[in-house]
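Letter by letter, the chains look like this.
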Amino acid sequence: MSEKTVSIDIKKDLFGANEEAASKNAEVFKKHGIVAIDIMGSVGTGKTQLIEALCERLSEKYPILMIAGDLATRIDADRVGSHGVDTVQINTGTACHLDARMIRVAIDDTDISKYKVVFIENVGNLICPAGYSLGVGKKVVVVSVTEGPYMIRKHPLTIKRSDMVVINKIDLAEVLDFDVDALERDIREVDANLPVFKVSSKIGTGLDKLIEYLGL
Ligand code: MG
Ligand code: ZN
């Protein structure tokens, strides 16, 4: 009698192939001295808004490419593109995350050597994007004060797999009676050393510190 569990093998293969593609992407970024950042978070946390704010401050200094992951639209890519930044839209169809091979397609589709900064906006959800390496220098999670107080406690794995957290929309904390410090304590409980940035992409609070930390 065979009791092999095939699903685990398939998953291992998938992740193995993804890791391989991710290290190839990493080589390309390294070769051209590109800072590549994967920006993850639920729908509505302000990922696009954060990228727009960063592009506003950095697009004179660096040639920037934004790669946008979205199921069907190019709304976010167009928003960022309006700041004079080149964009590549990846429509994932049914896939709820970007993987390294999708990034490879985007890289191959453009003259990547032109750019010094690549912002990747992942598909809006806080679960699986963190499980897929893209070959970037940093994976950033964006959470915001509009999502309620339990986002971190409900998604500890995403926090563990990230290099830093941005708490966005802090300008709304007071009116929503939201305890930003409590959210930061939840992050510290998952990873005591994870860099946390309290930001308002809208009014600009905290962006200079974030840019400095990103080495930009
Ligand atoms: Mg967006
Ligand atoms: Zn997914």
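Keep in mind it's a predicted model, so treat the numbers as computed, not measured.

Caption draft 1: How the structure looks around helix α4 (residues 100–108). Of all the positions in α4, only Ala100, Met102, Ile103, Ala106 and Ile107 are classed as buried. The buried residues of α4 occupy an angular sector of 155° when projected down its axis, which confines them to one face. The outward face of α4, more than 90 degrees from its buried face, is lined by the exposed residues Val105 and Asp108. By the N-cap criterion, in which a side-chain oxygen at the helix start approaches the backbone nitrogen of a residue two or three places on, α4 is capped by aspartate 99, the distance to arginine 101 being 3.0 Å.

Caption draft 2: Main features of the side chain of asparagine 168. Mapped onto the elements, asparagine 168 comes out in strand β6 (residues 164–168). In this structure, asparagine 168 is in contact with Thr45, Gly46, Gln49, Val142, Val143, Ser144, Val145, Val199, Ser200 and Ser201, ignoring residues within four places of it in sequence.

Caption draft 3: Layout of the nonpolar core. Ranked by internal contacts, the top residues of the largest apolar core, which has 28 residues, are Phe119 and Leu210. Counting residues per element, the ones that place at least two in this core are β1 (35–40), α2 (47–58), β2 (64–70), α3 (75–81), β4 (117–121), β5 (138–144), β6 and α8 (207–213). If you tally residues by element for this core, the top one is α2, at 6 residues. Ignoring any residue separated from it by four or fewer positions in sequence, one finds leucine 210 in contact with Leu50, Leu54, Met164, Val166, Phe197 and Val199. With 20 residues, the next largest nonpolar core counts Leu65, Ala95, Ala106 and Tyr115 among its residues.

Caption draft 4: Representation of the coordination of the zinc ion (ligand 2). Donor atoms from the polypeptide that bind the zinc ion (ligand 2) are Cys96 (SG), His97 (ND1) and Cys128 (SG), placed at 2.0 to 2.2 Å. All donors of the zinc ion (ligand 2) come from a single chain, and their spacing in sequence reads C-H-x30-C. Histidine 97 sits in the buried class, given a relative accessible area of 12%.

Caption draft 5: Seen up close, the sheet that holds β5. Sheet architecture is open: 7 strands sit in the order β3-β2-β4-β1-β5-β6-β7, paired in parallel fashion. The open sheet terminates on both sides in strands that have one partner only, identified here as β3 (86–91) and β7 (196–198). Each neighbouring strand pair of the sheet contributes to a mean axis angle of 20°, computed without reference to strand direction. When β5 meets β6, the two strands line up parallel, connected through 5 bridges. Its bridge partner lying in β6, serine 144 is registered against asparagine 168. In the packing of α4 onto the sheet, the strands contacted are β2, β3 and β4, and the crossing angle to β3 comes to about 140°. Contacts from helix α7 (residues 180–190) reach β5, β6 and β7, with the element oriented near 165° to β7.

Caption draft 6: Spotlight on the pattern of salt bridges. Scanning all chains against the criterion turns up 9 salt bridges. In this structure, the salt-bridge partner of arginine 79 is glutamate 52, at a minimum N-O distance of 2.8 Å. Placement of the pair is arginine 79 in helix α3 and glutamate 52 in helix α2, with a sequence separation of 27 residues. The exposure class of arginine 79 is partly exposed, given its relative accessible area of 35%. Here the salt bridges share partners, and the residues they tie into one network are Asp181, Glu184, Arg188 and Lys198.

Criteria and thresholds
Residues numbered from 1 in each chain as written. Chains lettered and ligands numbered in written order. Predicted model: local features only at pLDDT ≥ 70, side-chain atom pairs only at ≥ 80, totals over all residues. Heavy atoms only, no water. Buried < 20%, exposed > 50% of the residue type's maximum accessible area, 1.4 Å probe, protein only. Helix = DSSP H or I, 4+ residues; strand = E, 2+ residues; numbered from the N terminus. Arc of directions from axis to C-beta. Polar contact = N/O pair within 3.5 Å; in protein donor to acceptor, adjacent residues only side chain to side chain. Contact = heavy atoms within 4.5 Å. Core = buried A, V, L, I, M, F, W, Y, C linked by side-chain atoms within 4.5 Å. Donors = N, O, S within 2.8 Å, 3.2 Å for Na, K, Ca; no water. Pairing = 2+ DSSP bridges. Axes fitted to C-alpha atoms, helices over the stretch in contact; angles between N-to-C directions. Salt bridge = Lys/Arg side-chain N within 4 Å of Asp/Glu carboxyl O.

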